[in-house]
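Each chain is listed here by its residues.
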Amino acid sequence: MKAIGVDLGGHKIAVGLVEDGRITARTEERTEPTREPEPVVAQIVRMAKAFGAGAPMGVCIPGGLDATRERALMISNFAGWNGLPIRRMFESVLGAPVVVENDANAYALGERLAGVARGMSDYIVITLGTGIGGGIVSGGRLLTGAHGMAGEVGHIVLGSDEPCGPGCGGLGHFEAMCGADALEKRALKIGCSDADISLKDLWARREEEKISPLWDFALETISRGIASLVHVFDPEAVIIGGGMRNGEGFMENLGERVPKYLGLPFREGFRLLSSSLGTDAPIFGGAAVVSAAIENRA
Ligand SMILES: [Zn+2]
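Residues numbered from 1 in each chain as written. Predicted model: local features only at pLDDT ≥ 70, side-chain atom pairs only at ≥ 80, totals over all residues. Heavy atoms only, no water.

Each protein donor to the zinc ion is listed here as His155 (ND1), Cys164 (SG), Cys168 (SG) and His173 (ND1); together their distances run 1.9 to 2.3 Å. Because the angles between the four donor atoms bound to the zinc ion fall within 102 to 114°, the donor set is best described as tetrahedral. For the zinc ion, the donor residues sit on a single chain with the sequence spacing H-x8-C-x3-C-x4-H. (Donors = N, O, S within 2.8 Å, 3.2 Å for Na, K, Ca; no water. Tetrahedral: all angles 85-135°; square planar, octahedral: opposite > 155°, others 65-115°.)

Where helix H5 (residues 180-189) contacts helix H7 (residues 212-233), the axes come no closer than 10 Å and their chain directions differ by 150°. With respect to their mutual orientation, H5 and H7 come out roughly antiparallel. You can see that H5 and H7 cross each other, and the crossing is right-handed. Note on element contacts: H7 touches H5 through Leu214, Trp215, Phe217 and Ala218, opposite Leu183, Arg186 and Ala187. For the contact of H5 with H7, the per-class residue count stands at six nonpolar, no polar and one charged. (Axes fitted to C-alpha atoms, helices over the stretch in contact; angles between N-to-C directions. Helix = DSSP H or I, 4+ residues; strand = E, 2+ residues; numbered from the N terminus. Parallel < 35°, antiparallel > 145°, perpendicular 65-115°, else oblique. Left-handed = near helix turned anticlockwise from the far one by under 90°. Contact = heavy atoms within 4.5 Å. Nonpolar A, V, L, I, M, F, W, Y, C, P; charged D, E, K, R; others polar.)

Taken in spatial order, the five strands of this open sheet run S10-S9-S8-S11-S12, and their pairing is mixed. In this open sheet, the two strands that pair with only one neighbour each are strand S10 (141-142) and strand S12 (272-274). Sitting on the sheet, H7 is in contact with strand S8 (123-128), strand S9 (132-138), strand S11 (237-241) and S12, with an inclination near 160° to S8. Relative to S12, helix H8 (residues 250-257) is tilted by about 165°, and along the sheet it contacts S8, S11 and S12. (Pairing = 2+ DSSP bridges.)

Attention now moves to the pairing of strand S6 (residues 72-75). One ladder, built from three bridges, connects strand S5 (residues 63-65) with S6; its direction is antiparallel. The residue of S6 that forms the bridge with Leu65 is Ala72.

According to the domain assignment, the protein contains domain 1 (2-106) and domain 2 (116-275). Taking only C-alpha atoms, the centre of domain 1 and the centre of domain 2 are 27 Å apart. Listed by partner, the interface residues are ten residues for domain 1 and twelve residues for domain 2. Of the roughly 730 Å² buried at the junction of domain 1 and domain 2 (both faces included), carbon and sulfur atoms supply 53%. Its largest share of buried area at the contact with domain 2, domain 1 owes to Ala67, Ala104 and Asn105, together 53% of the area lost on that side. Inspection of the region where domain 1 meets domain 2 yields zero salt bridges. Viewed at the interface, domain 2 and domain 1 are joined by one residue pair in polar contact (both at pLDDT 80 or more). Looking at the side of domain 1 that touches domain 2, the elements with two or more residues in it are S6, strand S7 (98-102) and helix H3 (103-114). (Domains from an automatic or database assignment. Buried area = accessible area lost by both parts, 1.4 Å probe. Salt bridge = Lys/Arg side-chain N within 4 Å of Asp/Glu carboxyl O. Polar contact = N/O pair within 3.5 Å; in protein donor to acceptor, adjacent residues only side chain to side chain.)

Let's shift gears to the nonpolar core. Within the largest apolar cluster, 38 residues are counted, with the highest numbers of intra-cluster contacts made by Ile126, Leu128, Trp215, Ile222, Ile226, Ile240 and Phe250. For this core, the secondary structure elements donating two or more residues are S8, S9, helix H4 (174-178), H5, helix H6 (199-204), H7, S11 and H8. Top element by residues in this core is H7. It accounts for ten residues. (Core = buried A, V, L, I, M, F, W, Y, C linked by side-chain atoms within 4.5 Å. Buried < 20%, exposed > 50% of the residue type's maximum accessible area, 1.4 Å probe, protein only.)

Pairing between side chains becomes possible if they bear opposite charge and their charged atoms approach one another. Across all of its chains, the model carries twelve salt bridges by this definition. Here Glu28 ties to Lys12 by a salt bridge, and the two come within 3.9 Å at their closest N and O atoms. Residue Glu28 is found in strand S3 (residues 22-30), and its partner Lys12 is found in strand S2 (residues 12-19); the two are separated by 16 residues along the sequence. A salt bridge links Lys260 to Glu220; the nearest nitrogen and oxygen atoms lie 3.0 Å apart. Of this pair, Lys260 sits in the loop between H8 and helix H9 (264-267) while Glu220 sits in helix H7, and the two are 40 residues apart along the sequence. Judged by relative accessible area, which is 48%, Lys260 ranks as partly exposed. One network of salt bridges, in which partners are shared, links Lys12, Arg26, Glu28 and Asp280.

Among the residues of H8, those classed as buried are Phe250, Met251, Leu254 and Arg257. End-on view of H8: buried residues confined to an arc of 130°, all on one side of the axis. The exposed residues of H8 that point more than 90 degrees off its buried face are Glu252 and Glu256. Summarising the contacts, the buried residues of H8 are in contact with S8, H6, H7, S11 and S12. (Arc of directions from axis to C-beta.)

All right, on to the side chain of Asn102 then. Here Asn102 is to be found in strand S7. There is a polar contact of 3.0 Å between the side chain of Asn102 and the backbone oxygen of Gly63. A polar side-chain atom of Asn102 sits 3.0 Å from the main-chain amide nitrogen of Asn105.

Right, dumping it as structure tokens:
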């Protein structure tokens, strides 16, 4: 089946045509600078139509949606979108079926379409990047919850009083402790200078006496988060996406730390995998959500 996947970001928009689990055409543009709803919708539809008319489109947005996936609730860095019926706006301009989904949830569905979750019905995706996102597929379905907000693994509480970012406002959340921004702030506190706090550099220096406690803290906290989720959802695998996993030896190190937090019956079946989709994950994810929606309607 042919479907179009869209990754809407604050700085760039990527649109791809996905056919039988492969991207066969792809285009990318700078996001229209006002980031206002109508011009951005028009830009995305124009990019999608370049691949021919009629294919359904799945749009990944960097924010939350209501339970019916009709309205945007909270898109970071896009003022004026809250409460708009964005699914219908896209559909009326495109003239083909459109589904909108939170980008981390779509990433999770993309892993099943084209990544390491192929054939799985129970798995958790955690993206470790500037923030921490994720999606949970349980019994073959993406968990969306009573209000459309389920699967926010970056906001499980693993600390106590660390303030989470604007748009959240809770305390002690996973992302406020282990997101790249949080770890870089922590690096400044232990005396690193602004110039050498990129996570890539910090990972390269992980054996240094000053730096190693920072990574001990991060990896142990991430491990506790993973173990907690495993106990609740009993997944076939936990799949890690986002830039942090690319550090040499990062995944192995994490994989060694998780089991001690797991109850004995959970240890044997525990699988930690690295996402295989990379930056194209949202394109696959968009195509996956719209394909799934059309199958469910049929
Ligand atoms: Zn939070």
